[in-house]
Amino acid sequence: MRFVTPLLVALLLTACATNQAITYTVPTEPDQPLQPLPQKVLVLNTYDPTPISNNNKRALLLSLTDTVVAQMARQISRTANLPAEPLYGLTPVFTSADQSSIISLMQKHKASHAIVVKEVDAFFDQTNVEVTKTESGKNREAFYDISCNIRYELYNQQGKLESQPVQVRRFHSSRQVISGLLAAGPSMAKNKDHFYALAAENKDRFLRKYFPSAITRRRSLYTTQVFRTVGAAISRNDYTDALQKSLQLTESAPRDVRAKAFYNCAVLSERLNKMADAERYLQRALQLKPLPDAVAMERDLY
């Protein structure tokens, strides 16, 4: 019979220790704030997908466009604390170069600025086909990215300020195919929720450039073993106490514990909207040990 020593038990418990994740929003300042500040923002769509022959894609683009218009207006009102009015459906204009109709709409709705959705595209893109030999011949696996591209135009009362395309692309899936050239990609209708998620991210990227916004963060915390008091504070939603408990552990002897404690402090400071402290604690954690969670957080912040 094999006997398990107390030291081995402790090591096994440490190896099996799990983290607790918390989700929160972080306010962000715009990269290019509008001057003068908007008084009211009109959000509208001038993109018409009618010529698209694929019924599923045409229906998806119509729905995506209206959803983006609605979400943009709601988000500007909520996070930027500005009046915003959506115009649903297609808003005809004379030509893409003629600004007079947009400015007339702004005047009619007493808006200082307008965001116009000019073009929308959503699609699957085959990125690669891997061919491997098998006993019965060859196996072909096709890989697909999912993409959502939107072009926006931004106006003030004097005319167009900017025309900006925004692209969001993610790996989606792979599948076995007979021929890479003739392979049909994933169904757009069955994956519409994925396209809605990409369109929402696309909209966020545009809005963050000009308006105060908020980013949703989901981060792991060390809350077991020596960090159990941190976990207890988190369970009470007492993030200030969790920060204090983590700070106490930054004075521990083991280097690994100190690195994790500083990482906890970085996350909890971000949760408490103390960004300067979050960055300082994160650098201390990375100096001690490049924890994967800390490295991921660094990519988000810089």
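Residues numbered from 1 in each chain as written. Predicted model: local features only at pLDDT ≥ 70, side-chain atom pairs only at ≥ 80, totals over all residues. Heavy atoms only, no water.

1. Let's talk about the overall build of the chain
To keep things clear, this is the line we draw: Strands here are runs of E lasting at least two residues and helices are runs of H or I lasting at least four, both read from the DSSP assignment and numbered beginning at the N terminus. Our radius of gyration is a C-alpha quantity, and the globule rule it is checked against amounts to 2.2 Å times the number of residues to the power 0.38. Exposed residues in this analysis have more than 50% of their type's maximum accessible area, buried residues have under 20%, and partly exposed residues fall in between, with area computed by a 1.4 Å probe over protein chains only. The criterion used for residue contact is that any of the two residues' heavy atoms lie within 4.5 Å.
When helices and strands are tallied, the chain shows nine helices and seven strands. Scaling as 2.2 N^0.38, a compact globule of 302 residues should have a C-alpha radius of gyration of about 19 Å, whereas the chain reaches 25 Å, well beyond that. Overall size of the chain, expressed as C-alpha extent along the three principal axes, is 80 × 65 × 30 Å. Across the 302 residues that make up the chain, the buried fraction comes to 43%. Sequence separation of at least 24 residues holds for 71% of the intrachain contacts in the chain that already meet a minimum separation of 6.

2. Some words on helix H6 (residues 239-249)
Residues Tyr239, Asp241, Ala242, Leu243, Ser246 and Leu249 constitute the buried set of H6. Against the buried residues of H6 lie strand E1 (19-28), helix H5 (228-235) and helix H7 (255-271).

3. Remarks on the pattern of salt bridges
Keep this limit in mind: Within this document, salt bridges are pairs made up of a side-chain nitrogen of Lys or Arg and a carboxyl oxygen of Asp or Glu, the two lying within 4 Å of each other.
Applying the stated criterion across every chain yields a total of 20 salt bridges. A salt bridge links Lys203 to Asp204; its shortest N-O distance comes to 2.9 Å. Note on Asp204: relative accessible area 19%, which makes it buried. Note that Lys260 is salt-bridged to Asp256, the shortest N-O span being 3.1 Å. Residue Lys260 and its partner Asp256 are located together in helix H7, separated by four residues, close to a single helical turn. On the basis of relative accessibility, which here comes to 19%, the residue Lys260 falls in the buried class.

4. Examining the environment of Ser63
Its place among the elements puts Ser63 in helix H2 (residues 55-79). Judged by relative accessible area, Ser63 falls into the partly exposed class, the value being 26%. Measuring from C-alpha to C-alpha, the distance between Ser63 and Gly89 comes to 9.4 Å, with 26 residues separating the pair along the chain.

5. Considerations on the nonpolar core
Note the cut-off: Among buried residues, those of type Ala, Val, Leu, Ile, Met, Phe, Trp, Tyr and Cys that are joined through side-chain atoms within 4.5 Å constitute a nonpolar core.
Core analysis: the largest hydrophobic core is formed by 35 residues, its most contacted members being Met72, Ile76, Ile115, Tyr152, Phe195, Phe206 and Phe211. Put simply, the parts of the chain that give this core at least two residues each are strand E2 (41-45), H2, strand E4 (113-134), strand E5 (137-156), strand E6 (159-177) and helix H4 (192-210). The element best represented in this core is H2, accounting for eight residues. Excluding residues that lie within four positions of it along the chain, Ile115 makes contacts with Val41, Leu42, Val43, Leu44, Met72, Ile76, Tyr152, Glu153, Leu154, Phe206, Leu207 and Phe211. Core analysis: the second largest hydrophobic core is formed by 31 residues, Ala242, Ala259, Ala266 and Tyr281 among them.

6. A few points about the packing of H7 against helix H8 (residues 275-288)
Let me state the cut-off plainly: To obtain each axis, a line is fitted to C-alpha atoms, and for helices this fit is confined to the stretch in contact; angles are then taken between N-to-C directions over 0 to 180 degrees. The scheme is simple: roughly parallel for angles under 35 degrees, roughly antiparallel for over 145, roughly perpendicular for 65 to 115, oblique for anything else. In this scheme the handedness of a crossing depends on how the near helix is turned from the far one: anticlockwise by less than a right angle means left-handed, clockwise means right-handed. Classification convention: Asp, Glu, Lys, Arg as charged; Ala, Val, Leu, Ile, Met, Phe, Trp, Tyr, Cys, Pro as nonpolar; all other residues, Gly among them, as polar.
For the pair H7 and H8, interaxial distance at closest approach is 7 Å and the crossing angle is 160°. One finds that H7 runs roughly antiparallel with respect to H8. In terms of crossing hand, the pair formed by H7 and H8 is left-handed. Note on element contacts: H8 touches H7 through Met275, Asp277, Ala278, Tyr281, Leu282, Arg284, Ala285, Gln287 and Leu288, opposite Arg255, Arg258, Ala259, Phe262, Tyr263, Cys265, Ala266, Ser269 and Glu270. Taken together, the residues of the contact of H7 with H8 break down into eleven nonpolar, two polar and five charged.

7. Observations regarding the sheet that holds E4
Under the convention used in this document: Strands are treated as partners if at least two bridges between them are detected by DSSP.
The five strands lie next to each other as E3-E2-E4-E5-E6, forming an open sheet whose pairing is mixed. Bordering the open sheet on either side are strand E3 (84-90) and E6, each of which pairs with just one other strand. Averaged over all pairs of adjacent strands, the angle between strand axes in this sheet comes to 20°, irrespective of strand direction. Sheet topology places E4 next to E5; 20 bridges connect them, and they run antiparallel. Among the inter-strand pairings, Thr134 is bridged to a residue of E5, identified as Gly137. Its contacts with the sheet put H2 on E2, E3, E4 and E5, and the angle it makes with E4 is roughly 125°.

8. Observations concerning the packing of aromatic side chains
For clarity, the cut-off: Two aromatic rings, drawn from Phe, Tyr or Trp (for Trp, its six-membered ring), form a pair once their centres lie within 6.5 Å of each other, and the interplanar angle then sorts them: stacked below 30 degrees, edge-to-face above 60, tilted otherwise.
Scanning the model with the defined rule gives seven aromatic pairs in all. The interplanar angle of 40° and the centroid separation of 6.5 Å between the aromatic rings of Phe143 and Phe171 together place this pair among those described as tilted. In this pair, Phe143 is assigned in strand E5 and Phe171 in strand E6, connecting sequence segments 28 residues apart. Residue classification places Phe143 among the buried positions, given a relative accessible area of 18%. With 5.3 Å between their ring centres and 55° between their planes, Phe206 and Tyr210 make a pair best called tilted. Of the two residues, Phe206 and Tyr210 are both situated in helix H4; the distance of four residues between them amounts to about one turn of the helix.

9. Re the confidence of the model for the chain
Selection rule: pLDDT expresses, on a scale from 0 to 100, how confident the predictor is about each individual residue.
With 90% of its residues at a pLDDT of 70 or more, the chain has an overall mean of 89. Scored below 50 in pLDDT, residues 1-18 makes seven contacts in the model with residues more than four places away or belonging to other chains.

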